[in-house]
Structure formats: C-alpha cells, structure tokens
Amino acid sequence: AGTTRKRVEENMEFKELVAAFAAKNGIADMDAEGGSAALTADGIRVELIDDAMAHRIFVCAEIGHPPPDANGCFGEMMLQANFLLYDTEGATLCQNPATMAYAIVLPLQLGHIDAEILTKKISCVVNQVERWRTVIAGIRKAEETRSDIRDDSHHDMIASGHIHV
C-alpha cells in the first residue's frame, strides 16, 4: 500500500490533487480550472495556484493591511519571522504587489504531497494568518490607545490653560 501511495503522489497533478483534497474534506464545488482553486477555511480565503512549469503549487492567503504607521515595525517582524523560516513553518511572509496586502505563501512540490498533507499545510497557513491578524489587531489597538492618550492630553492642555512642551 505504501508503494502504491508513493507512485500516486509522484504522478498526481494539480487538478487531481485539488479533487482529492476536496473529496477528503467534503467540499463539493471546488474547481481547479484555469490553474487555480480557492476555498475558505475559518473565514480565511485560501488560494491554491498551480505553477506547472516548476511542478509545484502555492498555498496563498492574505493577512491584510496593518495600520499605515505600523508598516515599518510590521515589516521588521515579518522579516525576522522569515529568517531561516523561524516562525513560518516553511511559508514566506510577503506583500502582494497587486493589492499591497501582506500575505503568506507556501510553495509545495507536486509529487511529494497528497490530499492529507495538503490539508495539513492549508491548516498551517490558516493558523499563521490568524496569528498575524492578531498581531495586526494588537498594533491597531496600541495605535488607538496612543491616539486616545494624545487626544486626552490635548484636552487637558486646553482645560488647564497650560501649554505642555
């Protein structure tokens, strides 16, 4: 059985892998036409993109946009997480040039994965997106708190008649 499974994996193409993944996970309407397929897991859109020339697929999911003031620190955190794939489990944190949103992209070699492995890898990407979205939410919360403090300081200055330098 192990030898048969290995041969099937080595010969599995993108459409076959997507069909096997959909069947394993009870997804009835997953279409792999045009070299891509998409699904939603835990409210996160995940795209599977066929790179037939390199015999691999990409598992992609957007994280979103951090607040404009946080781009520098967020980018720094992403670069640190990418170092030796320290905190990405093999995926790359990047910025989509078309949307400017941050994303996680995980390349997988066809022939080395089956529906079960793909399911685990998609779950890993979804978990990474959830973690990074939590980071963004924390940055937004910190920015709002700083803004509220600045607003309160300004009101105190006006109310007391003192100028703070």
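Everything that follows concerns the structure shown earlier in this document.
Trainee: I would appreciate a short explanation of the environment of Asp-114 in the present structure.
Mentor: For Asp-114, the position within the fold is in the loop between strand E5 (102–109) and helix H4 (115–160). Its relative accessible area of 8% is what places Asp-114 among the buried residues. The spacing of Asp-114 and Val-18 is 96 residues in sequence and 9.3 Å in space, taken between C-alpha atoms. Separated by 2.9 Å, the side chain of Asp-114 and the backbone nitrogen of Ile-117 make a polar contact.

Trainee: So what exactly am I meant to see when it comes to the pattern of salt bridges here?
Mentor: Two side chains with opposite charge may pair up if their charged atoms get near one another. According to the stated counting rule, one finds four salt bridges in the structure shown. For the salt bridge of Lys-15 with Glu-33, the shortest nitrogen-to-oxygen distance reads 3.5 Å. Separated by 18 residues along the polypeptide, Lys-15 in helix H2 (residues 14–24) and Glu-33 in the loop between H2 and strand E1 (36–41) bring together distant segments of the chain. According to the relative accessible area criterion, Lys-15 is partly exposed, its value standing at 46%. Of the charged contacts, one joins Arg-56 and Asp-51 as a salt bridge, the two residues approaching to 2.7 Å between their closest N and O atoms.

Trainee: Would you mind showing me how to read the sheet that holds E1 here?
Mentor: In any sheet, the strands associate via hydrogen bonds between backbone groups, in a parallel or an antiparallel arrangement. Strands sit in the order E1-E2-E3-E5-E4 across an open sheet of five strands; the sheet is antiparallel. Every other strand in the sheet has two partners, leaving E1 and strand E4 (92–95) as the edge strands with one partner each. For this sheet, the mean inter-axis angle between neighbouring strands, taken without regard to orientation, is 30°. With eight bridges joining them, strand E3 (residues 56–64) and E5 adopt antiparallel strand pairing. What sits directly across from Arg-56, in E5, is Gln-109.

Trainee: How should I be thinking about the pairing of E4 in this particular structure?
Mentor: Successive side chains on a regular strand alternate, one facing one side of the sheet and the next facing the other. Bridging between E4 and E5 involves four bridges; their strand directions are antiparallel. If you follow Cys-94 over to E5, its bridge partner there is Ala-103. Turn length for the E4-E5 hairpin, with the two strands adjacent in sequence and antiparallel, is six residues, and the turn residue Met-100 shows positive phi of about 65°.

Trainee: What am I meant to see in the environment of His-65 here?
Mentor: In this structure, His-65 sits in the loop between E3 and helix H3 (71–82). Classification of His-65 as partly exposed rests on a relative accessible area of 41%. Placed 38 residues apart in sequence, His-65 and Ala-103 show a C-alpha to C-alpha distance of 9.3 Å. The residues contacting His-65, other than those within four sequence positions of it, are Thr-99, Met-100, Ala-101, Tyr-102, Ile-136 and Arg-140.

What counts, and where the lines are drawn
- Residues numbered from 1 in each chain as written.
- Predicted model: local features only at pLDDT ≥ 70, side-chain atom pairs only at ≥ 80, totals over all residues.
- Heavy atoms only, no water.
- Helix = DSSP H or I, 4+ residues; strand = E, 2+ residues; numbered from the N terminus.
- Buried < 20%, exposed > 50% of the residue type's maximum accessible area, 1.4 Å probe, protein only.
- Polar contact = N/O pair within 3.5 Å; in protein donor to acceptor, adjacent residues only side chain to side chain.
- Salt bridge = Lys/Arg side-chain N within 4 Å of Asp/Glu carboxyl O.
- Pairing = 2+ DSSP bridges.
- Axes fitted to C-alpha atoms, helices over the stretch in contact; angles between N-to-C directions.
- Contact = heavy atoms within 4.5 Å.

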